[in-house]
Amino acid sequence: MDQAEGLRSIFQRQQCIQRVRGYHKQIREAVAHGKTHQVSELLVGLETAQLQLEATYDQAPRLVH
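Computed from a prediction, not measured in an experiment: that's the story for all the values here.

Participant: Hey, could you go over the overall build of the chain for me, with residue numbers and the actual values?
Facilitator: Looking only at helices and strands, one finds 2 helices and 0 strands in the chain. Residues classed as buried in the chain amount to 23% of the 65 residues present. Contacts in the chain between residues at least 24 apart in sequence constitute 59% of all its contacts with a sequence separation of at least 6. Of the roughly 5,300 Å² of accessible surface on the chain, 54% is carried by carbon and sulfur atoms.

Okay, here's the thing in C-alpha coordinates:
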(Lines give C-alpha, C1' and ligand atoms only; values in the text may rest on other atoms or scores of the structure.)
Protein backbone atom coordinates (compact mmCIF):
# COMPACT_ATOMS: atom_id res chain seq x y z
CA MET A 1 0.00 0.00 0.00
CA ASP A 2 1.50 3.32 -1.02
CA GLN A 3 1.18 6.51 1.00
CA ALA A 4 -1.64 8.01 -1.11
CA GLU A 5 -3.66 4.82 -0.86
CA GLY A 6 -3.15 4.79 2.90
CA LEU A 7 -4.38 8.36 3.20
CA ARG A 8 -7.45 7.59 1.08
CA SER A 9 -8.21 4.66 3.35
CA ILE A 10 -7.93 6.84 6.46
CA PHE A 11 -10.21 9.52 5.01
CA GLN A 12 -12.74 6.94 3.84
CA ARG A 13 -12.79 5.40 7.31
CA GLN A 14 -13.32 8.82 8.92
CA GLN A 15 -16.22 9.53 6.56
CA CYS A 16 -17.80 6.19 7.47
CA ILE A 17 -17.38 6.89 11.18
CA GLN A 18 -19.06 10.27 10.77
CA ARG A 19 -21.91 8.66 8.82
CA VAL A 20 -22.46 6.08 11.59
CA ARG A 21 -22.43 8.81 14.24
CA GLY A 22 -24.90 10.82 12.19
CA TYR A 23 -27.32 7.90 12.03
CA HIS A 24 -26.96 7.35 15.79
CA LYS A 25 -27.86 10.99 16.40
CA GLN A 26 -30.83 10.88 14.01
CA ILE A 27 -32.16 7.71 15.63
CA ARG A 28 -31.89 9.18 19.13
CA GLU A 29 -33.69 12.34 17.99
CA ALA A 30 -36.43 10.40 16.22
CA VAL A 31 -37.07 8.29 19.31
CA ALA A 32 -36.97 11.32 21.61
CA HIS A 33 -39.52 13.16 19.46
CA GLY A 34 -41.82 10.16 19.03
CA LYS A 35 -41.12 9.79 15.31
CA THR A 36 -40.98 6.02 15.52
CA HIS A 37 -42.05 5.64 11.89
CA GLN A 38 -38.61 7.01 10.90
CA VAL A 39 -36.63 4.72 13.18
CA SER A 40 -36.80 1.56 11.05
CA GLU A 41 -35.70 3.50 7.97
CA LEU A 42 -32.82 5.04 9.90
CA LEU A 43 -31.79 1.65 11.28
CA VAL A 44 -31.47 0.31 7.74
CA GLY A 45 -29.22 3.25 6.88
CA LEU A 46 -27.21 2.66 10.05
CA GLU A 47 -26.68 -0.98 9.18
CA THR A 48 -25.44 -0.05 5.71
CA ALA A 49 -23.10 2.59 7.15
CA GLN A 50 -21.73 0.13 9.71
CA LEU A 51 -21.06 -2.47 7.01
CA GLN A 52 -19.22 0.15 4.97
CA LEU A 53 -17.17 1.07 8.04
CA GLU A 54 -16.33 -2.57 8.72
CA ALA A 55 -15.21 -2.93 5.11
CA THR A 56 -12.61 -0.20 5.65
CA TYR A 57 -11.06 -2.35 8.38
CA ASP A 58 -11.11 -5.43 6.15
CA GLN A 59 -9.08 -3.47 3.61
CA ALA A 60 -6.48 -2.43 6.20
CA PRO A 61 -3.00 -3.78 5.55
CA ARG A 62 -2.01 -6.75 7.64
CA LEU A 63 1.23 -6.44 9.55
CA VAL A 64 3.37 -9.54 9.73
CA HIS A 65 5.79 -9.83 12.62
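Participant: Tell me about the packing of helix 1 (residues 3-32) against helix 2 (residues 36-58), and name the residues and values.
Facilitator: Between helix 1 and helix 2, the shortest axis-to-axis distance is 9 Å and the interhelical angle comes to 160 degrees. Of the possible angle classes, the one that applies to helix 1 and helix 2 is roughly antiparallel. In this structure, helix 1 meets helix 2 at a crossing whose hand is left-handed. Here the contact of helix 1 with helix 2 is built from residues that sort into 14 nonpolar, 9 polar and 2 charged.

Participant: So what's going on with the side chain of T56? Which residues, and what values?
Facilitator: Inspection of the secondary structure puts T56 in helix 2. Relative accessible area serves as the criterion here: at 1%, T56 is assigned to the buried category. Within the structure, T56 has its side chain in polar contact with the backbone oxygen of L53 (distance 2.5 Å).

Reading the values: rules and limits
Residues numbered from 1 in each chain as written. Predicted model: local features only at pLDDT ≥ 70, side-chain atom pairs only at ≥ 80, totals over all residues. Heavy atoms only, no water. Helix = DSSP H or I, 4+ residues; strand = E, 2+ residues; numbered from the N terminus. Buried < 20%, exposed > 50% of the residue type's maximum accessible area, 1.4 Å probe, protein only. Contact = heavy atoms within 4.5 Å. Areas by Shrake-Rupley, 256 points an atom, 1.4 Å probe, with all protein chains shown as cover. Axes fitted to C-alpha atoms, helices over the stretch in contact; angles between N-to-C directions. Parallel < 35°, antiparallel > 145°, perpendicular 65-115°, else oblique. Left-handed = near helix turned anticlockwise from the far one by under 90°. Nonpolar A, V, L, I, M, F, W, Y, C, P; charged D, E, K, R; others polar. Polar contact = N/O pair within 3.5 Å; in protein donor to acceptor, adjacent residues only side chain to side chain.

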